[in-house]
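Each chain is listed here by its residues.
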Amino acid sequence: MKRRPMRIFTIPPGMPFLPALARRLQELAGDDPLALSRMTVLLPTRRAVRSLREAFLALSPDRPLILPRLSPLGDVDDDELLFADEMPESADLPPAIPDLRRRFILARAILRMPGHASRPDLAVALAGELARFLDQVQTERLDFSNLKKLAPDEYARHWQQTLDFLSILTSAWPRVLKQEGAIDPAERRNRALAMLARQWTRRPPREPVIAAGSTGTIPATAELLAAVARLPQGAVVLPGLDRELDDSSWAQLDETHPQFGIAQLLNRLGVARDDVADWPGGAPSETARARLLSEAMRPAATTDAWHGAVAIDAAASRGLQRVDCTSPQAEASTIALLMRQALETPGRTAALVTPDRTLARRVAVELARFGIVIDDSAGSRLSETPPLVFLRLVAELNASAAAPVAFLACLKHPLAAGGRAPGAFRALVRRIETAVLRGPRPAPGFEGLDTALAALPAEHHRGELRDLVAELATHAAPFARLLASNGPPGAVLRAHVDFAEWLAQSNDSPGASRLWAHDAGEAAAEFVAEFAAATGDFPSVPGAVYPAFFLAALGGRVVRPRFGRHPRLAILGLLEARLIKADLMILGGLNEGTWPPEPVLDPWLSRPMRKAFGLPGPERRIGLTAHDFVQAACGAEVVITRARRVEGAPTVPARWLQRLDAVLDAGRQGGALRATQPVAQWLAALDRAPRQAPTPPPAPRPPVACRPTRLSVTQIETLRRDPYAIYARHILRLEALDPIDADPGAAERGIAIHEALAAFVRAYRDELPDNAEAELLRIGEQVFGATLARPTVWAFWWPRYARIARWFVAMERTRRAAGAKPLVCEGEGTLALSLPGGGKFTLTARADRIDELADGTLAIIDYKTGVLPKPSEVALGFAPQLPLEAAIARKGGFRDVPAVRASQLRYWRLSGGRDAGEEVAVDGKRLAKDAPPLDPVVLADDAEAGLARLAARYRDPATPYPARPLFEYAPRYSDYGHLARLKEWATLEDEA
């Protein structure tokens, strides 16, 4: 039988594909209102189907239409199988195995495989890659038995093990599918498309059938396209066939070329490029841009044509701009500004095309500053939507035994309400946070929280806080028990969802209606239902791993908006952009690794193995995205954007931009593409704030009655260095919150060392034991207590403490041999001052240690585990602790210490490093060469007199508490620096 000639057309890249297709089909329908309904149109994806539907409606906004039968080729379901009632074979076509069920079956096999993932969450993630491998093999119609021919002995051992595993799995996989009563999705699509091709070949439809937008990279799709092209009223419409490329270059296309897929399809169909006709009414009025891009994309083997023979029309780069931004955020702001500008022209449309979903989200956020709400039509990750984030946090809350960070992250989520008004619920959670979750972690579980709350003073109104914790514990108990016992995943999921729904209920809405609402909630509910159905025979999952297992099961699911898209602005993925055009096309993320993407590494087969097996190389994806780039870049007005640096690292422009620059330079068109609009200046002007006179640094002057009349020696130092901190702490009564779930830090380490040394000296005041070092270590173990169980404490702190103990005992023996005798450790003292002009001021101190020396004078010692003050700071009164303690001791202010002078003021620096300890004298031994020695008596006199003057000055209502008046002597850290806006004043002073 003579084969009919094929009817193959193309819509050039400069034309909007779907509008041109819709316009011609309407012309063919003429005045017959039912003609369109008798047509069948096959498109690559569901999204293309929706877009063509919108294109028809845009052409006829004022009259109703009965649209053609629209079907996606990429995902053929039972209810979409064309002419199913006329195809007896369709009744024997098994359903596709659900994606999650298949991944769980494969994950079980991976868990049994030696040398691979042993954790269920990692196995599920790897199973996703294995499922993709199965689909690739079936899509290319390869035989799994050929795996045995890959000569494993030629590869590394781990590749041999992988091949053995794949051979065993693929030989058993058909039996698994038979037990499931299903087949793989790719195999089902192959069979459905082949069935349709056979049916149309035997009984051609009497009505028009058009296959549009597909390049036939799937063999089964290519066969169907061939069948459609031979139908009496069939037609295949290709997107953007390159007619400009010379025949020599066409014959040398590789996988990275944008025309490689179309060239393969034409070869399969036996059709020459010149035999492809233009779609009626689809020829663009301007082809200069298409010629430019064709020249830029020519195969590497023929790029020598750029030298000398290239003639580029000046119109080719007209309307084509390139904007290189400093960062991804700057790129997003630039794109948002360009899209906003497009709205200034009535009816003008703009679209961002990018494979970078992070950039897409940033642009959506930036558009919100203009009051524009826009959705990413390529969808957002389901794992990042509020319902799935909430479900993940609920799992982490229970798996972590109510650890502080997990507790607060879950209960502060907008969906959490616990049967109360959401605002009231979060207020209770914040009270629990400030009461028991700031600082060291309470005991594990809700019981530990309740114990910590029970120990609070009555003024915390602990009753209602304990009631909330009790409710949480009661409703979380089934979930927590299953996690603790490593229950079956299905049962764990049911308990997980039950607790999440209880926690999501508010005072006026049930939890289910809040948790599963809107598109994201519906998608989350579908995932949970599929998860429950797929885990029936999956082995138990350790409770600690369950949150990661739950998240791994999500894979790369996305949620796409169904309604509410902006009528004139759009954010498109590459699949949508291939067939859609806007007046302004913005191509974002044109960096190597983003667009084009990095080649995906196959965890199952190496590159040589894939090639030997017959699978396409990873570079094929580069060719597909190159085709998308050319299609989008052929618009009348195009702006290409990229970020020069990402996360601080320089980026490489997309290879296509470098080629464009080379071609334009060879064609004497001024070299690289540039921005023709001052977008950077617009952006800078948009964010430039009007210049304002800065507010002076705070210098509050509270009433004298509010000012403190009692401070410690360390607070006197703060008053000298940072008066504003005294104002905030003692007058405003503001206290810094501890970090959440705080690990012991430097302050806690210093406190523990001080307590251990004080306990040792008090226990052996008169005589040291023979095993003094061992005894000091024993006391240290008691003081450090449970913190020694923390890895960081045991690995870093304890070895340092052991070295400090060795140095301390040696120093102690030396001092006692010289006649020194400890009098007090952690001794408290006071000194009352009568101020000039009237009034009293009380100085308090807690001395680390005071010794009596052989000559009857005193030695005042301060243990320092941090940085020592400089001698000049001591002399100028900015580090007055030891001199003030000497003044208190001289007046008999310390109990059990005689009222005599101090002849030694010493710091014992206890670092625990290579030099575990060091004695540093304040009385002249470590001053600069030319500085006079400092007499402790003079230091004490000066410190007391200076304190009297300082206290009297702050009794004057005109004296302010300024924010760091002397930056040279400012403290290294202040709890109140943000309140005083110190960085702002420092910047202003630098500018001045």
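Residues numbered from 1 in each chain as written. Predicted model: local features only at pLDDT ≥ 70, side-chain atom pairs only at ≥ 80, totals over all residues. Heavy atoms only, no water.

J.: Residue-level account of the pairing of strand 21 (residues 917–921), with values.
T.: The pairing of strand 20 (residues 902–910) with strand 21 spans five bridges and is antiparallel. Across the sheet, residue Tyr907 finds its bridge partner in strand 21, namely Val920. Here strand 20 folds back onto strand 21 in antiparallel fashion, the turn holding six residues, of which Gly912 has a positive phi close to 75 degrees. (Pairing = 2+ DSSP bridges. Helix = DSSP H or I, 4+ residues; strand = E, 2+ residues; numbered from the N terminus.)

J.: Kindly report on the nonpolar core, identifying the contributing residues and their values.
T.: Counting 94 residues, the largest nonpolar core has Phe133, Phe407 and Leu503 as its most contacted members. Once you skip the residues sitting within four places of it in the chain, Leu503 turns out to touch Phe390, Val394, Cys410, Leu411, Leu415, Ala416, Ala417, Gly418, Phe425 and Leu472. Among the nonpolar cores identified, the runner-up in size contains 49 residues, and Val920, Leu947, Tyr954 and Ala963 belong to it. (Core = buried A, V, L, I, M, F, W, Y, C linked by side-chain atoms within 4.5 Å. Buried < 20%, exposed > 50% of the residue type's maximum accessible area, 1.4 Å probe, protein only. Contact = heavy atoms within 4.5 Å.)

J.: Kindly report on a nonpolar patch on the surface, identifying the contributing residues and their values.
T.: The grouping of Leu732, Leu734 and Leu979 at the surface amounts to a nonpolar patch, some 210 Å² of accessible area in total. Within the secondary structure, Leu732 sits in the loop between helix 28 (723–731) and helix 29 (746–763). Leu732 gets classed as partly exposed once you look at its relative accessible area, which sits at 37%. (Patch = residues over 30% accessible without salt bridge, like charges linked within 9 Å, V, L, I, M, F, W, Y side chains within 5 Å. Areas by Shrake-Rupley, 256 points an atom, 1.4 Å probe, with all protein chains shown as cover. Salt bridge = Lys/Arg side-chain N within 4 Å of Asp/Glu carboxyl O.)

J.: Could you give an account of the sheet that holds strand 6 (residues 277–278), naming the residues involved and the relevant values?
T.: Here we have six strands laid out as an open sheet, ordered 3-2-4-5-1-6, and parallel in their pairing. If you trace the sheet from one side to the other, it starts and ends with strand 3 (69–72) and strand 6, each paired once. One ladder, built from four bridges, connects strand 4 (residues 209–212) with strand 5 (residues 234–239); its direction is parallel. Across the sheet, Val209 pairs through a bridge with Gly234, a residue of strand 5. Sitting on the sheet, helix 2 (residues 46–59) touches strand 2 (40–43) and strand 3, and the angle it makes with strand 3 is about 155 degrees. (Axes fitted to C-alpha atoms, helices over the stretch in contact; angles between N-to-C directions.)

J.: Hey, could you go over the side chain of Asp602 for me, with residue numbers and the actual values?
T.: Tracing the chain through its elements places Asp602 in the loop between strand 12 (584–587) and helix 23 (607–613). On the basis of relative accessibility, which here comes to 18%, the residue Asp602 falls in the buried class. A distance of 3.5 Å separates a polar side-chain atom of Asp602 from the backbone nitrogen of Leu605. For Asp602, the side chain forms a polar contact with the side chain of Arg610, separated by 2.8 Å. Discounting chain neighbours no more than four positions away, the residues touching Asp602 are Phe133, Trp159 and Arg610. (Polar contact = N/O pair within 3.5 Å; in protein donor to acceptor, adjacent residues only side chain to side chain.)

J.: Could you give me a rundown of the pattern of salt bridges, with the residues and numbers involved?
T.: Note that side chains of opposite charge can pair when their charged atoms are close. For the structure on display, the rule yields 56 salt bridges. Taking the shortest distance from any N to any O, the salt bridge between Asp247 and Arg273 comes out at 2.9 Å. A residue pair is termed long-range when its members are at least 10 positions apart, and Asp247 in helix 8 (residues 247–250) and Arg273 in the loop between helix 9 (260–269) and strand 6 qualify at 26 residues. Residue Arg273 is classed as buried on the basis of its relative accessible area of 9%. Close ionic contact of Arg361 with Glu384 constitutes a salt bridge, the shortest N to O distance being 3.3 Å. With Arg361 in helix 12 (residues 357–368) and Glu384 in the loop between strand 9 (380–381) and helix 13 (386–399), this residue pair connects regions lying 23 residues apart in the sequence.

It is worth stressing that arrangement in space is one thing and function is another; only the former is reported here.
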